[in-house]
Amino acid sequence: MNDILPGASSAWQHLESVLREVVHAYGYTEMRLPLLEKTELFKRSIGEVTDIVEKEMYTFEDRNGDSLTLRPEGTAGCVRACMEHGLLHNQVQRLWYGGPMFRHERPQKGRYRQFHQLGVESFGMAGPDIDAEMIFMTARMWQRLGLEHTTLQVNSLGTPQARSSYRAALVEYLKGRYDELDEDSRRRLESNPLRILDSKNPALQVVVEAAPVLPDYLDEESREHFAGLLALLDAAGIDYEVNPRLVRGLDYYSRTVFEWVTDQLGAQGTICAGGRYDGLVEYLGGRPTPAFGFAVGLERLLALLQESGVEFPDGCPHLYLVLVGEQGRLRGLVFADELRDALPGLRVQCNCDGGSFKSQFKRADRSGAEYALVLGDDEVEQQTATLKPLRTDAGQEVLQQQDTAARLRKLLASAPV
Ligand code: ATP
Ligand code: MG
């Protein structure tokens, strides 16, 4: 679990604000959901025979003896909330949420026990156009963030019926190579064989690569649905790879699945994953409701942006007020507020707790501010202020206090206020 320290938080804010802007541009609205849900919800929705439920959940009993779990992902809670508040009845929904998720995994680069996701879900739309819209949205996120080096992989899982005939063929094949399977896979052979294809064990890759593939078992309608999606991606000029081994091994997933992957982050290369889950709402006790969603892993996305040398705004103050003498100290806090009123968005830090001229300038420098503005007794008397650039060799200027905001607006035009 990471502390996000002052030096890192502005990169997070930048990332989150760009992502928010993009989801809002598509007309999606935010849901704010609890971090805790009943354990049962995750067991049912994610499935008992998955890494998450078997090994990764933070589960505990509360004071009433109810079993609760820190959310390992957001879809389950989102569906629960929508059902509880009647948001799925005779209407479509386009929703998003963000925040921390918790999984007790082995910590490594790109894999943490508390990590952050942006989740986006839609309900009530069955056609491939909503799948395409949501994939367009992810492409726009990368574009707006200045990200290259990501590849879109897509596949179709078909209907549950198509998948069950595929499953039978897969099990037969895997039984023939039983000796090569690891312990997890042997256990999953009966319970959840599709998940074996998703195994992270490199020793299994040979077995996985020679396995029968799902597209050969697709039903006609799913084939058409998938062709419809690909046509929409083509029309938008979005490059993709069809990866017939891309699966999500849960029963309620159907048709489209996709991932955005990069080779720049080592083994943890998936920055965004999602797909269609038409069966889930009904499975959790609601009416049959088509649904599509995805989640972006923010730590990985941030790491990839840093890897690619994308620059973030630093969030430092624009201005540090150096206050000398009694008059300067009295006027300083008020003058700082006047500047904030005149220039919305201006970041001003005002020296507090006194200190010599020299030590105040040291603090100004450490704050990262671009300019120091000095108010001493003389300045106060003459209603002036002395502006001193801290990051360039440009000379200082004496300004009338009433002209200071206008001067700053001009100077900061290159670094938008
Ligand atoms: P992986 O195959 O990497 O284990 P997953 O299938 O468990 O991923 P999802 O449940 O699909 O992941 O979550 C969506 C995204 O959230 C992932 O693509 C990834 O970017 C991010 N993510 C998942 N688990 C973690 C984690 N432990 N730490 C950081 N990011 C994570
Ligand atoms: Mg995982």
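Above this note sits the structure.
A few points on the structure. (Residues numbered from 1 in each chain as written. Chains lettered and ligands numbered in written order. Predicted model: local features only at pLDDT ≥ 70, side-chain atom pairs only at ≥ 80, totals over all residues. Heavy atoms only, no water.)

**Structural notes on the packing of aromatic side chains**
- All chains considered together, the criterion is met by seven aromatic pairs.
- Ring geometry for phenylalanine 123 versus tyrosine 277: centroids 6.3 Å apart, planes at 80°, classification edge-to-face. Of this pair, phenylalanine 123 sits in strand 6 (residues 114-123) while tyrosine 277 sits in the loop between strand 10 (270-276) and helix 10 (280-283), placing them 154 residues apart in sequence. Here the two residues phenylalanine 123 and tyrosine 277 agree in accessibility, since each one is buried. (Phe/Tyr/Trp six-rings, centres within 6.5 Å; stacked < 30°, edge-to-face > 60°. Helix = DSSP H or I, 4+ residues; strand = E, 2+ residues; numbered from the N terminus. Buried < 20%, exposed > 50% of the residue type's maximum accessible area, 1.4 Å probe, protein only.)

**As for the pairing of strand 12 (residues 319-323)**
- Among the five residues in strand 12, five count as buried, and that is most of the element.
- Taking every second residue as pointing to the same face, both faces of strand 12 are buried, with Leu319, Leu321 and Leu323 on one and Tyr320 and Val322 on the other.
- Here strand 12 pairs with strand 13 (residues 348-350) via three bridges, running parallel. For tyrosine 320, the partnering residue across the bridge sits in strand 13 and is glutamine 349.
- Once you follow strand 12 into helix 12 (residues 325-342) and on to strand 13, the crossover reads as right-handed.
- Bridge count for strand 12 against strand 14 (residues 371-375) is five bridges, and the pairing is parallel. Considered in strand 14, the bridge of leucine 319 is made with tyrosine 371. (Pairing = 2+ DSSP bridges. Right-handed = clockwise from strand over helix to strand, strands pointing away.)

**As for the sheet that holds strand 3 (residues 59-61)**
- The strand order across the open sheet formed by three strands is 2-4-3, and the pairing between neighbours is antiparallel. Each having just a single partner strand, strand 2 (36-38) and strand 3 make up the two edges of the open sheet. For this sheet the average axis-to-axis angle between neighbouring strands, irrespective of direction, equals 35°.
- In terms of strand pairing, strand 2 meets strand 4 (residues 67-70) through three bridges, oriented antiparallel. Bridging across to strand 4, glutamate 37 finds its partner in threonine 69.
- Here helix 2 (residues 39-46) sits on the sheet in contact with strand 2, strand 3 and strand 4, set at roughly 75° to strand 2. (Axes fitted to C-alpha atoms, helices over the stretch in contact; angles between N-to-C directions. Contact = heavy atoms within 4.5 Å.)

**Quick look at the packing of helix 12 against helix 15 (residues 401-411)**
- Two elements in contact, helix 12 and helix 15, have axes whose closest approach is 10 Å; the angle formed by their N-to-C orientations is 45°. Classed by the angle they form, the pair helix 12 and helix 15 counts as oblique. Relative to helix 15, the crossing made by helix 12 is right-handed. When helix 12 is examined against helix 15, the residues Arg331, Phe335, Leu339 and Ala342 are found in contact with a partner set consisting of Gln401, Thr404, Ala405, Leu408 and Arg409.
- A class-by-class count of the residues in the contact of helix 12 with helix 15 yields five nonpolar, two polar and two charged. (Parallel < 35°, antiparallel > 145°, perpendicular 65-115°, else oblique. Left-handed = near helix turned anticlockwise from the far one by under 90°. Nonpolar A, V, L, I, M, F, W, Y, C, P; charged D, E, K, R; others polar.)

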